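So you can see what is in the structure, the chains are spelled out below.
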Amino acid sequence: MHFIMLVVALSVAWGWRCLQVKPTHNWQQRWQQTLKLFLFPPLFLLTTAIAICWMELQSDLTQKWFDGLSFLVAIGLLGFAGILGLKLLIEAGQSKAQINTYQQLQFNGQVGRLLNSSIPYAAQVGLWQPELVVSQGLLDLLPSAHLEAVLAHEQAHLVYRDTFWFLLLGWLRRLTAWLPQTEALWQDLLLLREIRADAWAAQRVNALLLIESLLLLANPPTAMLEPTSVTFSSPVVPNRLIQRVDALLTESIFIQPLNLRSWIWLLLVLLPLTTIPLHSLSHEFYCLLSM
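Residues numbered from 1 in each chain as written. Predicted model: local features only at pLDDT ≥ 70, side-chain atom pairs only at ≥ 80, totals over all residues. Heavy atoms only, no water.

(A) Quick look at the environment of Glu-154. Considering the arrangement of structural elements, one finds Glu-154 in helix H6 (residues 144-159). As a C-alpha pair, Glu-154 and Ala-201 span 47 residues in sequence and 8.4 Å in three-dimensional space. (Helix = DSSP H or I, 4+ residues; strand = E, 2+ residues; numbered from the N terminus.)

Here it is, written out as structure tokens:
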């Protein structure tokens, strides 16, 4: 039974990622579609692994050996997920320790850290309560109005807690890098994250200032503080830059509301866990018959 559960879970995860979604210029709809395709497979695999491990540990030795392969795969997946998560948390702690050594200043009314580098750079760094990091190169390059636009964009990342949520998404990305479309979906999420932050900032500053700032910072270096940083000018291919500019020019509103109905599909992730009480009942029934 447990081996069949594992095969079904792998088949569902692989098949789900093979689904092709029709491209849309509705950014909110595209955000939800991409998240659905990205999130469901790894979460479904994790809950299946938890269910298999739980049931195997409740079984007798004979049953453990019978389904030994599924148990080893399940516990291996959970162990790898735990080690990977711990590694990301350690890296997050190192990034936090690094920025704590930077001088603390105020940038247009926002408290942040000054990075002593000639490379133009602005980012939120941290987890749930990230800190703003701005480089001297950015202060030297941008006029005051453009700097305000960049800082408004970075404030949006703080509002949406992007550093925290994208650390979790990045964890799932590394965990299931072997699944189809993982990297393509990840890159799309990064683009949509920036478009959402642009839309939030455009309600507070002139959108043209954001566009000009984007063009000035169109070829930034690789992010210097990973994995818990989100930057205004993450390295982008020309097509992605064009999409951000187009979204700003069309004044697309991309503010993510709390819509529980759009997240009902997540209940499907819990389906493997419903087999646990059924397994317990069948085990008790088997014991009664054996008496």
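(B) Region of interest: the pairing of strand E3 (residues 122-125). On E3, burial covers both faces: Ala-122 and Gln-124 on one face and Ala-123 and Val-125 on the other are all buried. Both E3 and strand E4 (residues 131-135) contribute to a ladder of four bridges, which runs antiparallel. In the strand pairing of E4, Val-125 is matched with Glu-131. (Buried < 20%, exposed > 50% of the residue type's maximum accessible area, 1.4 Å probe, protein only. Pairing = 2+ DSSP bridges.)

(C) Structural detail: the nonpolar core. Judged by nonpolar contacts, the single largest core of 30 residues is most densely connected at Phe-38, Leu-39, Phe-166, Leu-169 and Leu-189. Those elements that provide at least two residues to this core are helix H1 (2-17), helix H2 (27-58), helix H4 (68-99), helix H7 (162-175) and helix H8 (182-202). For this core, the element with the most residues is H2, which contributes ten residues. Discounting chain neighbours no more than four positions away, the residues touching Leu-169 are Leu-35, Phe-38, Leu-39, Trp-186 and Leu-189. (Core = buried A, V, L, I, M, F, W, Y, C linked by side-chain atoms within 4.5 Å. Contact = heavy atoms within 4.5 Å.)

(D) Inspection of the packing of H2 against H4 at higher detail. The interhelical angle for the contact between H2 and H4, taken along N-to-C directions, is 125 degrees, at an axis separation of 9 Å. Our classification of the angle between H2 and H4 gives oblique. In the crossing of H2 with H4, the sense of the turn from one axis to the other is left-handed. Of the residues in H4, those in contact with Leu-45, Leu-46, Ala-49, Ile-50, Ile-52, Cys-53, Glu-56 and Leu-57 of H2 are Ser-70, Phe-71, Ala-74, Ile-75, Leu-77, Leu-78 and Ala-81. Residues that form the contact of H2 with H4 fall into these classes: 13 nonpolar, one polar and one charged. (Axes fitted to C-alpha atoms, helices over the stretch in contact; angles between N-to-C directions. Parallel < 35°, antiparallel > 145°, perpendicular 65-115°, else oblique. Left-handed = near helix turned anticlockwise from the far one by under 90°. Nonpolar A, V, L, I, M, F, W, Y, C, P; charged D, E, K, R; others polar.)

(E) Broad picture of the pattern of salt bridges. Applying the stated criterion across every chain yields a total of eight salt bridges. One salt bridge in this structure joins Arg-30 and Asp-188, with 2.5 Å as the shortest N-O distance. With Arg-30 in helix H2 and Asp-188 in helix H8, the pair connects residues that are 158 residues apart, well separated along the chain. The pair formed by Arg-30 and Asp-188 is uniform in burial state, with each residue classed as buried. (Salt bridge = Lys/Arg side-chain N within 4 Å of Asp/Glu carboxyl O.)

(F) The arrangement of the confidence of the model for the protein in detail. When the pLDDT values of the protein are averaged, the result is 81; 79% of them are 70 or greater. The secondary-structure element of the protein with the lowest mean pLDDT is helix H3 (residues 61-66), recorded at 49, while H7 shows the highest, at 93. For the stretch residues 284-290, pLDDT sits under 50, and the model shows zero contacts to residues farther than four places along the chain or on other chains. (pLDDT = per-residue confidence, 0-100.)

(G) Just the pairing of E4, in detail. Here E4 lies mainly inside the structure; five of its five residues are buried. The alternating pattern of E4 places Glu-131, Val-133 and Ser-135 on one face and Leu-132 and Val-134 on the opposite face, and all of these are buried. Alignment of strand E2 (residues 110-115) against E4, held across four bridges, turns out to be parallel. Looking at E4, one finds that Arg-113 is bridged to Val-133. The hairpin formed by E3 and E4 contains five residues between the paired strands, and Gly-126 there has a positive phi angle of roughly 140 degrees.

(H) Fine view of the environment of Phe-38. With respect to the helices, strands and loops of the structure, Phe-38 is situated in helix H2. For Phe-38, a relative accessible area of 0% translates into the label buried. Residues Phe-38 and Leu-189, spaced 151 residues apart in sequence, show a C-alpha to C-alpha distance of 8.9 Å. When near neighbours in sequence (up to four residues on either side) are disregarded, Phe-38 contacts Arg-17, Leu-169, Leu-172, Arg-173, Thr-182, Leu-185, Trp-186 and Leu-189.

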